[in-house]
Amino acid sequence: MALSVCGRRRADYWQSGSSALSCWNHGKSQPEKVGPAMFAHMRAMYAILMLALSAAACSPPSENLTRSTFVPAPAVMPRLTAQQYRNVLKDTFGGVLPAVALEPDTNPYLFYSIGAATTTLSEAGVEQYADAAARITDLIFDDVDRRSALVGCQPLRSDDFCVETFVRRIGLKLHRRPLSDADIARWLAVVNDTSEGDIYRGLRTAIYGLLQSPRFLYRVELGEPDPNDRSQSPRLRHDPYDMAQRLSFLLWDSGPDEALLSAAEQGELVDDASLRRETLRLLASPRARKTIQSFFDQFLNLGALSRVDRDRTRFPAFSPTLAAAMRTELQLLTDDLVFRRDADIRELLSTRRTFVNAELAAHYQVAAPGASAVTFVPVELPADGPRAGLLTLGGFLLMNAHPTESSPTLRGKYILERLLCRLVPPPPDNVNLDLGSMGGPPRTLRQRLEEHRKNPACSGCHAMMDPPGFLFEAFDPVGGYRPVDQGLPVDTQSEVEGQPYRDGKELGAMLRESADVGRCLVRQLYRHANARLDQSGDEAPLSLLEARFAESGYRFASLIVALVQSEGFRYLASQEVQP
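These lines cover the structure that appears in this document, whether it is placed above or below.

Conventions used here
- Residues numbered from 1 in each chain as written.
- Predicted model: local features only at pLDDT ≥ 70, side-chain atom pairs only at ≥ 80, totals over all residues.
- Heavy atoms only, no water.
- Helix = DSSP H or I, 4+ residues; strand = E, 2+ residues; numbered from the N terminus.
- Buried < 20%, exposed > 50% of the residue type's maximum accessible area, 1.4 Å probe, protein only.
- Contact = heavy atoms within 4.5 Å.
- Phe/Tyr/Trp six-rings, centres within 6.5 Å; stacked < 30°, edge-to-face > 60°.
- Lys NZ or Arg CZ within 6 Å of the ring centre and 35° of its normal.
- Pairing = 2+ DSSP bridges.
- Axes fitted to C-alpha atoms, helices over the stretch in contact; angles between N-to-C directions.
- Parallel < 35°, antiparallel > 145°, perpendicular 65-115°, else oblique.
- Left-handed = near helix turned anticlockwise from the far one by under 90°.
- Nonpolar A, V, L, I, M, F, W, Y, C, P; charged D, E, K, R; others polar.
- Disulfide = S-S within 2.5 Å.
- Core = buried A, V, L, I, M, F, W, Y, C linked by side-chain atoms within 4.5 Å.
- Expected span 1.5 Å × (residues − 1).
- Polar contact = N/O pair within 3.5 Å; in protein donor to acceptor, adjacent residues only side chain to side chain.
- Salt bridge = Lys/Arg side-chain N within 4 Å of Asp/Glu carboxyl O.
- Lys, Arg positive; Asp, Glu negative; His and termini not counted.

Quick word on the overall build of the protein
Phase 1: The number of helices and strands found in the protein is 25 helices and nine strands.
Phase 2: Looking at the 579 residues of the protein, the share that counts as buried comes to 55%.
Phase 3: Intrachain contacts of the protein at a sequence separation of at least 6 include 69% that bridge at least 24 residues.

Observations concerning the packing of aromatic side chains
Phase 1: This model, assessed by the stated rule, comprises twelve aromatic pairs.
Phase 2: Look at Tyr 85 and Phe 216: their rings are 5.8 Å apart centre to centre, the planes differ by 50 degrees, and that puts the pair in the tilted class. With a gap of 131 residues between them, Tyr 85 in helix α3 (residues 82-93) and Phe 216 in helix α10 (residues 214-217) connect regions that are remote in the sequence.
Phase 3: Note on Tyr 85: relative accessible area 1%, which makes it buried.
Phase 4: Ring-pair connections join several aromatic residues into one group, and the members of that group are Phe 111, Phe 295, Phe 296, Phe 299 and Phe 556.
Phase 5: In this structure, Arg 246 packs its charged tip against the face of Phe 569, placed 4.3 Å from the ring centre.

Looking at the sheet that holds strand β9 (residues 571-572)
Phase 1: A sheet is described by the order of its strands in space; here three strands give the open sequence β1-β2-β9, paired in antiparallel fashion. Sheet topology places β1 (224-225) and β9 at the edges, where each strand pairs with a single neighbour.
Phase 2: In terms of strand pairing, β1 meets strand β2 (residues 236-237) through two bridges, oriented antiparallel. When the sheet's bridge partners are listed, Glu 224 is paired in β2 with Arg 237.

Some remarks on the packing of helix α14 (residues 286-300) against helix α22 (residues 515-530)
Phase 1: At a minimum axis distance of 11 Å, the contact between α14 and α22 shows a crossing angle of 115 degrees. As far as their axial angle goes, α22 and α14 are roughly perpendicular. Between α14 and α22 the crossing geometry is right-handed. Contact with α14, carried on its side by Phe 295, Gln 298 and Phe 299, involves Leu 521, Gln 524, Leu 525 and His 528 of α22 and no other residues of that element.
Phase 2: Per-class residue counts for the contact of α14 with α22 are four nonpolar, three polar and no charged.

Thoughts on the state of the cysteines
Defined simply, a disulfide is a covalent bond joining two cysteines at their sulfur atoms.
Phase 1: Applying the stated criterion across every chain yields a total of two disulfides.
Phase 2: Paired by a disulfide, Cys 421 and Cys 520 hold their sulfur atoms 2.1 Å apart. On the S-S bond that ties Cys 421 to Cys 520, the torsion sits near 85 degrees, and the link is right-handed. A residue pair is termed long-range when its members are at least 10 positions apart, and Cys 421 in the loop between α18 (408-419) and α19 (445-452) and Cys 520 in helix α22 qualify at 99 residues.
Phase 3: Here Cys 421 falls in the partly exposed class, since its relative accessible area comes to 24%.
Phase 4: Residue class for Cys 520 comes out buried when judged on its relative accessible area of 3%.

Some details on the nonpolar core
Phase 1: Ranked by size, the top nonpolar core spans 96 residues in total, and within it Leu 269, Phe 296, Leu 391, Phe 472 and Phe 556 carry the most contacts.
Phase 2: Among the elements that line this core, the one with the most residues is helix α15 (residues 320-340), at eight residues.
Phase 3: If sequence neighbours within four positions are ignored, Phe 296 has contacts with Asn 301, Leu 302, Thr 334, Val 338, Ile 345 and Phe 556.
Phase 4: Of all hydrophobic cores here, the second largest spans 46 residues; its members include Tyr 85, Leu 203, Phe 216 and Tyr 218.

What about α22?
Phase 1: With 16 residues, α22 extends 23 Å from end C-alpha to end C-alpha; this agrees with the ideal 22 Å at 1.5 Å per step.
Phase 2: Of all 16 residues making up α22, 13 are buried, and the element is well covered by its neighbours.
Phase 3: If you check the start of α22, you find a side-chain oxygen 3.0 Å away from the backbone N of Asp 516, and it comes from Ser 514.
Phase 4: Directly beyond the C-terminal end of α22, a positive phi value near 55 degrees is found at Ala 531.

A few points about the side chain of Ser 248
Phase 1: Looking at where Ser 248 falls in the secondary structure, it is placed in helix α11 (residues 240-252).
Phase 2: On the basis of relative accessible area, Ser 248 is assigned to the buried category, the value being 0%.
Phase 3: Reaching out from Ser 248, the side chain makes a polar contact with the backbone oxygen of Ser 254 at a distance of 2.9 Å.
Phase 4: Not counting residues up to four positions away in its chain, the partners in contact with Ser 248 are Asp 253, Ser 254, Gly 255, Pro 256, Leu 260 and Leu 282.

What to know about the pattern of salt bridges
Phase 1: Applying the stated criterion to the full structure yields 45 salt bridges.
Phase 2: Of the charged contacts, one joins Asp 257 and Arg 281 as a salt bridge, the two residues approaching to 2.9 Å between their closest N and O atoms. Taken as a pair, Asp 257 in the loop between α11 and α12 (258-265) and Arg 281 in helix α13 (residues 272-283) lie far apart in primary sequence, 24 residues in all.
Phase 3: Here Asp 257 falls in the buried class, since its relative accessible area comes to 17%.

What about the side chain of Arg 176?
Phase 1: Among the structural elements, Arg 176 can be located in the loop between α7 (161-175) and α8 (181-194).
Phase 2: The buried charged residue Arg 176 lacks any salt bridge, with Glu 221 as its nearest oppositely charged partner at 6.7 Å.
Phase 3: In terms of polar contacts, Arg 176 uses its side chain to reach the backbone carbonyl oxygen of Arg 215, at 3.1 Å.
Phase 4: Not counting residues up to four positions away in its chain, the partners in contact with Arg 176 are Leu 80, Gly 171, Arg 215, Phe 216, Tyr 218, Arg 219, Tyr 241, Gln 245, Phe 249, Gly 255, Pro 256 and Leu 261.

Points about α3
Phase 1: If you check α3, its first and last C-alpha atoms are 17 Å apart, about what twelve residues at 1.5 Å a residue would give, namely 16 Å.
Phase 2: Among all positions in α3, only Ala 82, Gln 84, Tyr 85, Asn 87, Val 88, Leu 89, Thr 92 and Phe 93 are buried.
Phase 3: Looking one or two residues past α3, Gly 94 carries a phi angle of roughly 65 degrees, positive in sign.

What to know about the environment of Arg 346
Phase 1: Following the sequence through the fold, Arg 346 ends up in the loop between α15 and β3 (353-356).
Phase 2: Given a relative accessible area of 9%, Arg 346 falls into the buried group.
Phase 3: The residues touching Arg 346, leaving out its near neighbours within four places in the chain, are Arg 512, Glu 513, Ser 514, Val 517 and Tyr 554.

Observations regarding the pairing of strand β4 (residues 377-380)
Phase 1: Residues Val 377 and Val 379 line the buried face of β4, whereas the alternating positions Pro 378 and Glu 380 sit on a face that is not buried.
Phase 2: Pairing geometry for β3 and β4, over four bridges, is antiparallel. Note on β4: the bridge partner recorded for Thr 354 is Val 379.

Written as structure tokens, this is what we have:
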């Protein structure tokens, strides 16, 4: 079946042809079968999406953010991440759903949201969506009770009120905005033309198509004219339904619930008061705790801990369960700061309070009454001990080390890139990275790195990364404390940007008070929430967010509220894209 985009501009096409079967047999009266045509349709629709995304592609971070006036960026249309896809299905259909294979998410620039807005979907990925849609619809419609509960009424014919009511309701949930009259007519035609004497067969086909609609699989947020903008180049504002899904995916990793859709229907979510009200409501849900933790997992790279391995003969303290405990420790610590205590999130870098199970307590050599293999308890790390804050905890130290030795370079790079938003270039292709083949008498890793830095091709980057990393040389590749390396005393003293430090604890205490850390966290959240890198025109809202974050005492929940009310989250550029 040949498909066209009907010669429309992108915005018009999405507004009037959003269904997975739009432009069906343009100019014909009878559509062909849905299933065999769906792959071809999705490829055509995907080509349109790629054209739109190419126009709204993320630009690299500007080296000179000098604009004092907000300049909106073009729209991006991220595909649902695998977690978002599953959450929306669970919220829509309830009950047990089949485990389906999807194309893996990617996280360039740290976040899956940016990957979802920039990564090309393969043909195999399209087929996976079709297979998932078939399995889900089969499961639901083969179960009479579940089918009846979903439809909510007894359909008799394709043109009766029950069918239209169901299509409107399920379309609203999956498209995250009301279907247009043209869409309703189109989907009712699908039900009618594919029923073949069984109305449920037609409804099954409609759900199968809706689950492959670009408006379901992508977050289409194209905005509307801003009634308050009188400039020559007017900007767009995200309309109430855009904002409903922007809030819900940011805080619940799923589509809008009934309360958000109702607020959107009433024309709310375009003013500060209703945005604050709904944001606080969503944050109060247990679902927000899981979603905010997902942000910190990505920001802190905690997923790397599930991929770490060590030679057990050389490092008998290591085990997969220890790595998992280190990840849980940091998850509990961030949850404690954000939700339990609503505290200054920068405490993460200096606090002696943490959470351990029995295995992690033994690794840290601290008493933890009540801890077991599965029970984590709060503990206060010794004031005179080597640990305090994220950068001295096992997770950071383990994930930023090599299999056989520590890595000041990786540890310094992590601090610069993730906590301070500094750009560290990759090493030249022709540089020998093997530090174990230098020969001569035993030397500490620090001594070998200092020799390595004599190579002019290496000195520039290592001069940035190694000094902060040297502060953590008292910790081995599994995050255990060690006073010696290769039988020689370790030297943890280092100078970072002209400031001397004795060890990682001192650096963490400094970073705890650094405005740069708060500034970087604002930028990282802004990128995650908008599914793109910041551009020079974003400097004004970023600066305002930094100020409000500081005024709140660096409380993360307050930053979330300020973010959703900010211009950078609510407005986008007015731009025509020709397919």
